[in-house]
Amino acid sequence: MKVTEHYERADGPLFSYEIIPPTRGTSVADVLAVVEALAPYRPPFIDVTSHSAETVYDEQPDGTVRKRVKRKRPGTLGLCAAIQYRFGIDAVPHLLCRGFTQEETEDALIELNYLGIHNVLAVKGDEKAADKPERPGRHHNAYAADLVAQIQAMNRGRYLADLLDAAPTDFCVGVGGYPEKHVDAPNLTWDVLNLKRKVDAGADYVVSQMFFDNAHFLAWAEKCREVGVTVPIVPGIKILTAKSQLRTLPRTFHTEIPEALAAEVEAAKPEHVADVGVAWARQQAAELVEAGVPGIHFYIMSTARHVVRVAEPLRKLVG
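Here the structure is a predicted model, which is why all the values come from computation and not from measurement. The residue numbers shown here count from 1 along each chain, following its written sequence. This being a predicted model, a pLDDT of at least 70 is required before a residue's local features are given, and a value of 80 or more before pairs of side-chain atoms are given or counted; all residues contribute to the totals for chains, interfaces and linings. Working from all heavy atoms in the structure, the side-chain values ignore hydrogens and water.

Draft legend 1. Region of the structure containing the overall build of the chain. Check the secondary structure of the chain and you find eleven helices and ten strands. Each residue is assigned to one of three classes by its accessible area relative to the maximum for its type, calculated with a 1.4 Å probe on protein chains only: buried under 20%, partly exposed between the two thresholds, exposed over 50%. Counting across all 319 residues of the chain, residues that qualify as buried make up 48%. Only carbon and sulfur atoms are counted for the fraction: they give 51% of the accessible area of the chain, which is about 15800 Å². Helix numbering and strand numbering both begin at the N terminus, where a helix is a DSSP run of H or I of at least 4 residues and a strand a DSSP run of E of at least 2. Accessibility throughout is a Shrake-Rupley quantity obtained with a 1.4 Å probe, and a residue counts as covered only by protein chains that appear here.

Draft legend 2. The arrangement of the side chain of Glu-18 in detail. Structurally, Glu-18 can be placed in strand 1 (residues 14-19). Within the buried set, Glu-18 has no salt-bridge partner at all; the shortest N-O distance to an opposite charge, 9.7 Å, is to Lys-238. Under this rule, positive means Lys or Arg and negative means Asp or Glu; His and the chain ends count for nothing. What counts as a salt bridge is simple: a side-chain nitrogen of Lys or Arg found within 4 Å of a carboxyl oxygen of Asp or Glu.

Draft legend 3. The pattern of salt bridges, seen in detail. Evaluated as defined, the whole model comprises four salt bridges. One salt bridge in this structure joins Asp-170 and Lys-2, with 2.7 Å as the shortest N-O distance. On the criterion of sequence distance, the pair formed by Asp-170 in the loop between helix 5 (144-155) and strand 7 (172-177) and Lys-2 in the segment before helix 1 (3-9) is long-range, its members being 168 residues apart. The exposure class of Lys-2 is partly exposed, given its relative accessible area of 21%. Salt-bridge contacts for Asp-275 lead to Arg-309; the nearest nitrogen and oxygen are separated by 2.9 Å. Of this pair, Asp-275 sits in helix 10 (residues 273-290) while Arg-309 sits in helix 11 (residues 307-318), and the two are 34 residues apart along the sequence. Residue classification places Arg-309 among the partly exposed positions, given a relative accessible area of 30%.

Draft legend 4. Molecular detail of the packing of aromatic side chains. Each aromatic pair joins two rings of Phe, Tyr and Trp (for Trp, the six-membered one) with centres within 6.5 Å, and gets the label stacked for planes under 30 degrees apart, edge-to-face for over 60, and tilted for any other angle. Summed over all chains, the structure comprises five aromatic pairs. Relative to Phe-298, the ring of Tyr-17 has its centre 5.8 Å away and its plane inclined at 20 degrees; by these criteria the two rings are stacked. You can see Tyr-17 sitting in strand 1 and its partner Phe-298 sitting in strand 10 (residues 295-301), a full 281 residues away along the chain. For Tyr-17, a relative accessible area of 1% gives the class buried. Given the relative accessible area of 0%, Phe-298 is considered buried. Where Phe-211 meets Phe-217, the ring centres are 5.2 Å apart and the plane angle is 10 degrees; that geometry is what we call stacked. What makes Phe-217 buried here is its relative accessible area of 2%. Site record: aromatic cluster; members linked through ring pairs are Phe-15, Tyr-17 and Phe-298.

Draft legend 5. Representation of unusual backbone geometry. Its identity as a non-glycine residue notwithstanding, Lys-181 has a phi of 85 degrees, on the positive side. The residue Lys-181 is located in the loop between strand 7 and helix 6 (188-200) in this model. Even without a glycine there, the phi angle at His-254 is positive, about 55 degrees. Looking at the secondary structure, you find His-254 in the loop between helix 8 (245-253) and helix 9 (259-267).

Draft legend 6. Summary view of helix 2 (residues 29-38). Those residues of helix 2 lying buried are Val-31, Leu-32, Val-34, Val-35 and Leu-38. Take helix 2 and look down its axis: the buried residues cluster within an arc of 150 degrees, on one side only. Across from the buried face of helix 2, at angles greater than 90 degrees, the exposed residues are Asp-30 and Glu-36. In this context, the arc is that of the directions from the helix axis out to the C-beta atoms.

Draft legend 7. Structural detail: the sheet that holds strand 1. Here, strands pair whenever DSSP counts at least two bridges between them. Taken together, the eight strands give a closed barrel; going around it, the order is 1-2-5-6-7-8-9-10, and neighbouring strands pair in parallel fashion. Strand after strand, the sheet turns through a mean of 30 degrees between neighbouring axes, direction not considered. Contacts were defined at the residue level, with two residues in contact if any of their heavy atoms lie within 4.5 Å. Lines fitted to C-alpha atoms define the axes, with helix axes restricted to the stretch in contact, and inter-axis angles between N-to-C directions lie between 0 and 180 degrees. Contacts from helix 6 reach strand 7 and strand 8 (205-210) within the one sheet, and its direction differs from that of strand 7 by about 175 degrees.

Draft legend 8. Focus on helix 10. Here a helix's expected span is defined as the number of its residues, less one, multiplied by 1.5 Å. Helix length check: helix 10, at 18 residues, gives a terminal C-alpha distance of 26 Å against a target of 26 Å (1.5 Å per residue), a fit within 8%. Among the residues of helix 10, those classed as buried are Val-273, Ala-274, Val-276, Gly-277, Val-278, Ala-281, Gln-284, Ala-285, Leu-288 and Val-289. Count one or two residues on from helix 10 and you reach Gly-292, which has phi positive near 90 degrees.

Draft legend 9. Quick peek at the nonpolar core. Grouped together as the largest cluster of nonpolar side chains are 63 residues, with contacts concentrated most on Ile-19, Ile-83, Ile-151, Trp-220, Ile-296, Phe-298 and Val-307. Other than its neighbours up to four places away in sequence, Ile-83 contacts Ile-19, Val-35, Ile-46, Val-48, Gly-88, Ile-89 and Ala-91. The term nonpolar core refers to a set of buried residues drawn from Ala, Val, Leu, Ile, Met, Phe, Trp, Tyr and Cys, joined through side-chain atoms within 4.5 Å. Core analysis: the next-biggest nonpolar cluster, separate from the first, contains 25 residues, Phe-45, Phe-100, Leu-121 and Tyr-299 among them.

Draft legend 10. Highlighting the side chain of Thr-4. As for its placement among the helices and strands, Thr-4 is situated in helix 1. Ignoring sequence-local partners within four residues, the contact set of Thr-4 consists of Cys-172, Asp-204 and Tyr-205.

Draft legend 11. Spatial organisation of the environment of Phe-171. Tracing the chain through its elements places Phe-171 in the loop between helix 5 and strand 7. On the basis of relative accessible area, Phe-171 is assigned to the buried category, the value being 3%. Beyond its immediate sequence surroundings of up to four residues, Phe-171 is in contact with Leu-109, Leu-112, Asn-113, Ile-117, His-118, Asn-119, Val-120, Ile-151, Asn-155 and Asp-204.

That is the geometry; function is a separate question.
Given below as structure tokens:
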């Protein structure tokens with residue numbers, strides 16, 4: 001089922017999750033164990049992130065530095081197939097602009113179509129992606145709106161090559177939004193208008209970047225509606241579980257951690273930080289449900305232990 005169909009048919013807010021593939025050379029068992037732990041809570045869908053190749057510099061014994069390109073976390077498509085057919089949960093793979101050509105994207109979409117996976121999230125991708133020289137006849141999508149347009153072209157039966165009687169695909173396309181502004185945008189209004197361009201290109205729903213202050217999300221969502229974004233806008237929440245995240249999350253995701261939360265985390269013993277994060281996320285989620293959001297998307301990455309402490313009371317709250 002498409003993500004938008006899940007929202008249309010729901011009697012109340014839905015709770016979805018996002019995980020990451022295992023690192024190269026490690027077992028997928030731990031990631032599948034996370035999905036197994038989430039399955040009893042009947043998630044409508046689970047997102048699986050995608051990771052492009054990165055440039056790595058290795059110092060050699062002779063003192064020289066060797067440059068190499070490696071993809072640390074492959075396996076997004078395979079993991080999505082496992083989720084959808086082993087657990088019966090719709091999977092949403094992320095597709096990236098950075099690090100992938102339009103031709104590679106088309107191939108991935110064809111494979112997903114063959115697998116019966118008809119939901120994707122189109123994002124620009126990590127700034128750390130390795131710059132690959134563009135070979136003749138190969139092209140890149142510069143922005144998420146371009147990627148959305150490519151996917152919607154395939155939905156109309158238009159591929160990169162001029163193919164006769166090409167079969168149309170049927171993808172539901174999600175995009176990301178930034179309640180506190182994308183780092184590359186000069187201001188929030190500019191960023192909201194850029195989101196509108198993604199929706200105009202054919203995005204079917206929006207899921208927000210993580211945030212810890214509901215006021216940011218609610219004001220941003222209202223601003224999106226004012227410029228004509230009519231598709232579902234779903235808030236994304238991350239449960240803070242370690243003191244180190246007070247520094248890494250703002251640096252990596254450009255999100256503000258409220259003073260009250262930061263002070264409580266800093267004062268807590270390390271083993272109690274997750275309790276603080278869970279309590280904060282519960283309050284956030286309850287307020288968002290009260291505000292009428294269509295669902296909440298939890299960024300959990302590699303463990304379900306903490307998120308079930310938030311999601312289970314929520315499920316009881318909304319019936």
